[in-house]
Amino acid sequence: MRLLRVLLWAYGVAAVLSLLAIPIGAKGWFGLAPDPLSAVPAIVLAMPWSLPLLRMLPADSPWFAGACLAASMTLNLLMGIGLLRWLCQRKERGRARSAELP
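None of these values were measured; they are calculated from a predicted model.

### A few points about a nonpolar patch on the surface
Now for step 1: There is a patch of nonpolar side chains on the surface, built from W9, V13, V16, L17 and L20 and spanning about 550 Å² of accessible area.
Now for step 2: By the secondary structure assignment, L17 is in helix α1 (residues 2–27).
Now for step 3: Exposure remark for L17: the relative accessible area of 53% places this residue in the exposed category.

So, in structure tokens, the structure goes:
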């Protein structure tokens, strides 16, 4: 359980940093060279939802694309939290059953 919790925290931090890296890399802020591929880590972290959502976008809408990536990452994170809660409940039920046995 602890490992899954740490992985979810790491995923959340990586998701936020990858979303922040998009405008920093694309615009060349902080003295960096402009990088047209700065959104690739965010797209990878938002999979599998990012591929169909980004195909449905209107032509060249960077704000909507960023919102779709953020929503996809949030969905992945919420699914991970749901899995963690389900595993914790399952573990507690197992403990309760073993305590009832003579």
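### Points about the layout of surface pockets
Now for step 1: Volume-wise, the largest pocket comes out at about 450 Å³.
Now for step 2: Contributing to the lining of the largest pocket are 16 residues, with I22, P23, P62, W63 and G66 lying nearest its centre.
Now for step 3: Listing elements by their share of the lining of the largest pocket, those giving two or more residues are α1 and α4 (62–100).
Now for step 4: Here the lining of the largest pocket takes seven residues from α4, the largest share from any one element.
Now for step 5: The residue makeup of the lining of the largest pocket, split by class, is 14 nonpolar, one polar and one charged.

Rules of the game
Residues numbered from 1 in each chain as written. Predicted model: local features only at pLDDT ≥ 70, side-chain atom pairs only at ≥ 80, totals over all residues. Heavy atoms only, no water. Patch = residues over 30% accessible without salt bridge, like charges linked within 9 Å, V, L, I, M, F, W, Y side chains within 5 Å. Areas by Shrake-Rupley, 256 points an atom, 1.4 Å probe, with all protein chains shown as cover. Salt bridge = Lys/Arg side-chain N within 4 Å of Asp/Glu carboxyl O. Helix = DSSP H or I, 4+ residues; strand = E, 2+ residues; numbered from the N terminus. Buried < 20%, exposed > 50% of the residue type's maximum accessible area, 1.4 Å probe, protein only. 1 Å grid on protein atoms, 1.4 Å probe; cavity = no way out; pocket = protein on both sides within 12 Å on 5 of 7 lines; lining within 4 Å. Points joined across faces, edges and corners; volume = space filled by probe spheres on them. Nonpolar A, V, L, I, M, F, W, Y, C, P; charged D, E, K, R; others polar.

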